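So the chains spell out like this:
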Amino acid sequence: MNIIITLLLICGLIFFTGGTLGILRFPDFYSRLHPAGKLDTFGLVTTVGALALYIAFSPGSILTALKISLIIVFVFITSPTATHAIVDAGVRAGLKPWTKPPAGKS
Amino acid sequence: MEHVFLYAGLYLCLLMFLSLYRAIAGPTILDRLIGVNAIGSKTTTLLILIGLMYHRVEMFVDIALAYAMLNFITVLAASRYFQKRKGLYDESTD
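Residues numbered from 1 in each chain as written. Chains lettered and ligands numbered in written order. Predicted model: local features only at pLDDT ≥ 70, side-chain atom pairs only at ≥ 80, totals over all residues.

1. Focus on the overall build of chain B
Of the regular secondary structure elements, chain B holds 3 helices and 0 strands. Helices and strands appear in chain B in the N-to-C order α-α-α. The buried share of chain B, reckoned over its 94 residues, is 39%. Within chain B, counting contacts between residues at least 6 apart in sequence, those at least 24 apart form 51% of the total. (Helix = DSSP H or I, 4+ residues; strand = E, 2+ residues; numbered from the N terminus. Buried ≥ 20, exposed ≤ 12 C-beta atoms within 10 Å, placed from the backbone. Contact = placed C-beta atoms within 7 Å.)

2. Structural notes on the overall build of chain A
Tallying secondary structure elements over chain A gives 3 helices and 0 strands in all. Dimensions of chain A, computed from the C-alpha atoms along their principal axes, are close to 65 × 30 × 10 Å. Long-range pairs, those at least 24 residues apart, make up 63% of the contacts in chain A between residues at least 6 apart in sequence.

3. A short note on the packing of helix H1 (residues 2-25) of chain A against helix H1 (residues 2-25) of chain B
Between H1(A) and H1(B), the least distance of the axes is 9 Å, while the angle of their chain directions is 10°. Here H1(A) is positioned roughly parallel relative to H1(B), judged by the angle of their axes. Along its contact with H1(A), which presents Thr6(A), Leu9(A), Leu13(A), Phe16(A), Thr17(A), Thr20(A), Ile23(A) and Leu24(A), the element H1(B) presents Val4(B), Ala8(B), Tyr11(B), Leu12(B), Leu15(B), Leu18(B), Ser19(B), Tyr21(B) and Arg22(B). Considered class by class, the residues forming the contact of H1(A) with H1(B) number 12 nonpolar, 4 polar and 1 charged. (Axes fitted to C-alpha atoms, helices over the stretch in contact; angles between N-to-C directions. Parallel < 35°, antiparallel > 145°, perpendicular 65-115°, else oblique. Nonpolar A, V, L, I, M, F, W, Y, C, P; charged D, E, K, R; others polar.)

4. Some words on the interface of chain B and chain A
Of the residues lining the interface, 40 residues belong to chain B; the matching set on chain A comes to 39 residues. Of all the secondary structure elements, the ones that give two or more residues to the side of chain B that touches chain A are H1, helix H2 (29-54) and helix H3 (57-82) of chain B. Here the residues of the side of chain B that touches chain A are counted per class, giving 24 nonpolar, 9 polar and 7 charged.

5. Topic: unusual backbone geometry
Phi is positive for His55(B), close to 60°, though the residue is something other than glycine. Inspection of the secondary structure puts His55(B) in the loop between H2 and H3.

6. Focus: the confidence of the model for chain B
Low-pLDDT portions of the prediction should not be read for the details of their coordinates. Summing up the model confidence of chain B, the mean pLDDT is 86 and the portion of residues at 70 or higher is 88%. The ipTM assigned to the predicted complex is 0.84, against a pTM of 0.85. (pLDDT = per-residue confidence, 0-100.)

7. Digging into H3(B)
Across its 26 residues, H3(B) extends 37 Å between first and last C-alpha, which sits within 8% of the 38 Å expected from 1.5 Å per residue. Among all positions in H3(B), only Val57(B), Phe60(B), Val61(B), Ala64(B), Ala68(B), Asn71(B), Phe72(B), Val75(B), Ala78(B) and Ser79(B) are buried. As for H3(B), its buried residues are in contact with helix H2 (29-56) and helix H3 (62-93) of chain A together with H2 of chain B. (Expected span 1.5 Å × (residues − 1).)

8. Describing the packing of H2(A) against H3(A)
Residues and elements named next belong to chain A. It is at 9 Å that the axes of H2 and H3 come closest, and there the two elements cross at 175°. It follows from the interaxial angle that H2 and H3 lie roughly antiparallel. The residue inventory of the contact of H2 with H3, partitioned by class, reads 21 nonpolar, 8 polar and 1 charged.

9. Let's talk about the confidence of the model for chain A
Residues at a pLDDT of 70 or more form 97% of chain A, whose mean pLDDT is 87. The element-level mean pLDDT for chain A is lowest in H3(A), coming to 89, with H1(A) highest at 92.

10. A few points about the environment of Gly37(A)
Residue and element names in this part refer to chain A. Along the chain, the position of Gly37 falls in helix H2. Residues Gly37 and Ala82, spaced 45 residues apart in sequence, show a C-alpha to C-alpha distance of 8.5 Å. Residue contacts for Gly37: discarding those within four places in its chain leaves Pro80 and Thr83.

11. Description of the nonpolar core
Residues Leu51(A), Ile68(A), Ile86(A), Ile34(B) and Ile48(B) are the most contacted members of the largest nonpolar core, which totals 44 residues. When contributions to this core are tallied by element, the ones reaching two or more residues are H1, H2 and H3 of chain A together with H1, H2 and H3 of chain B. Those residues in contact with Ile68(A), other than ones at most four positions away along the chain, are Val48(A), Leu51(A), Ala52(A), Ile55(A), Ile48(B) and Val61(B). (Core = buried A, V, L, I, M, F, W, Y, C linked by C-beta atoms within 7 Å.)

12. Focus on the environment of Tyr7(B)
Residue and element names in this part refer to chain B. Among the structural elements, Tyr7 can be located in helix H1. Note on Tyr7: 12 C-beta atoms within 10 Å, which makes it exposed. As a C-alpha pair, Tyr7 and Gln83 span 76 residues in sequence and 40 Å in three-dimensional space.

As structure tokens, this is what we get:
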């Protein structure tokens, strides 16, 4: 059981690494929201799910594991909503999306 | 198993410092908001890891739930506040 929990934790940390690298490296605000919205949500679901499994298999704390799965459900609903609110603010403020600069002018 | 949790927490702290760069140096206000949102979602995981290390996880779970809710409300309120403004421009071009 510990091997499964460790593998899930490492998988979630890889997703978090990809999200952070995407936030640092992508060229503009709309494309930065793509790793920030998806990879952070899935990394959090995976790591918190691994910790919920660990707590559910330790004796006498099934209620705590239920509360942690409540966190997973809550984040799975609210994180895309927050991402959509940020995109909506950008579109209504009139920010232009990034396009590829013409060749020879870098 | 305690060592796995400890090193996962340390790695999450490193990733939070990398996200803090985007929150400080982002060209627009919404880039800073993305950085703050990423840090908040990593903090939710880190709080449960801290609770497992201190053997007080039934207390830290409530703090993590409140922190996730606070992160959501912060991002929603800030983006609603900034969407009526015309001052959202790229600070790096001019």
